[in-house]
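# A look at the structure
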Amino acid sequence: MSSPTASNPARFAAAAAGRGQGNAGKAPVIGFLGTLKPWHGLPVLMEAFVRLRRRHGADARLLLVGDGPERDALAASAEAAGVAAMVEFTGAVEPAAVPNWLARMDVAVAPYPALDDFYFSPLKIYEYMAAGLPVVASAVGHLATVVADGEDGMLVAPDDADALAAVLAGLLADPARCLRLGRAGRRKVEREHSWDAVVGRLLAIARGTMVEGQGR
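In this report, the structure presented in the accompanying data block is examined. (Residues numbered from 1 in each chain as written. Predicted model: local features only at pLDDT ≥ 70, side-chain atom pairs only at ≥ 80, totals over all residues. Heavy atoms only, no water.)

Moving on, we get to the overall build of the chain. Scanning the chain for helices and strands turns up nine helices and six strands. Counting the 216 residues in the chain, one finds 47% classified as buried. When contacts within the chain are restricted to residue pairs at least 6 apart in sequence, those whose partners lie at least 24 apart make up 74%. (Helix = DSSP H or I, 4+ residues; strand = E, 2+ residues; numbered from the N terminus. Buried < 20%, exposed > 50% of the residue type's maximum accessible area, 1.4 Å probe, protein only. Contact = heavy atoms within 4.5 Å.)

Following this line, the structure appears as structure tokens:
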């Protein structure tokens, strides 16, 4: 059975509609949404961002939307690497503000580390997709069934800053591909991961169970 986690595509319609309208003169924004906790893999994202700028020459910015216990360590890492001016920490944000923050991003990341018995069904991925963002996620747990690599997002090996930096560099160099991936992701959410779709599947299962029970 697919994950019951889902998103409301209508809530992110404006953010999705703004994709591809040009961002001339502004550095592209790599974004993360969620609590800044150890199991979100943010040190790897920070290292990948540093390598993206140093090794790939990308003039990008990093936007971390949320707050949590990793914030101070991440800020210290950015300062030590000389990229603090290119990293923005929003702190905690109200749920109503999330679509506007996602609208500021050009690529969204879910850099989960390799974890035993990974069980997350991350809401952030469905919200990224609903906002029309190209998603880069770690290939852990069931995420490979949520993100179709190269079709509506990109999968990378967990805990691999070099691989993550390379994928990000490739996406930033190809805005048309970002747009295609983002649009495909939004279509997937509308088709499979809206709350209407999830409720429909649950009702179908319930009806099937009732019919099976009546036949006994």
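For the pair helix 2 (residues 42-55) and helix 3 (residues 71-81), the least separation of the axes is 10 Å and the interaxial angle reads 20°. The orientation of helix 2 with respect to helix 3, classified from their angle, is roughly parallel. For the pair helix 2 and helix 3, the crossing hand works out as right-handed. Within the contact between the two elements, helix 2 uses Leu 42, Pro 43, Met 46, Val 50 and Arg 54 and helix 3 uses Leu 74, Ser 77, Ala 78 and Ala 81. (Axes fitted to C-alpha atoms, helices over the stretch in contact; angles between N-to-C directions. Parallel < 35°, antiparallel > 145°, perpendicular 65-115°, else oblique. Left-handed = near helix turned anticlockwise from the far one by under 90°.)

Glancing now at helix 3. Among all positions of helix 3, only Leu 74, Ala 78 and Ala 81 are buried. Projection of helix 3 onto a plane perpendicular to its axis shows the buried side chains occupying an angular sector of 70°, all on one side. For helix 3, the exposed residues lying more than 90 degrees away from the buried face are Asp 72, Glu 79 and Ala 80. Buried residues along helix 3 sit in contact with helix 2, strand 2 (61-65) and strand 3 (87-89). (Arc of directions from axis to C-beta.)

This paragraph deals with the pairing of strand 1 (residues 29-33). Most of strand 1 is tucked away, with five of its five residues classed as buried. In strand 1, alternate side chains face the same way, and those of Val 29, Gly 31 and Leu 33 on one face and Ile 30 and Phe 32 on the other are all buried. In this structure, strand 1 lies alongside strand 2, joined through five bridges in parallel fashion. Paired with Ile 30 across the bridge in strand 2 is Leu 62. Pairing geometry for strand 1 and strand 4 (residues 107-110), over two bridges, is parallel. Across the sheet, the residue bridging to Ile 30 is Val 107, located in strand 4. (Pairing = 2+ DSSP bridges.)

Any two side chains of opposite charge can pair, given that their charged atoms come close. Applying the stated criterion across every chain yields a total of nine salt bridges. With a shortest N-O distance of 3.7 Å, Asp 59 and Arg 53 are connected by a salt bridge. Overall, the relative accessible area of 53% leaves Asp 59 in the exposed class. According to the relative accessible area criterion, Arg 53 is partly exposed, its value standing at 23%. When the shortest N-O distance is used, the salt bridge between Glu 190 and Arg 186 registers 3.4 Å. (Salt bridge = Lys/Arg side-chain N within 4 Å of Asp/Glu carboxyl O.)

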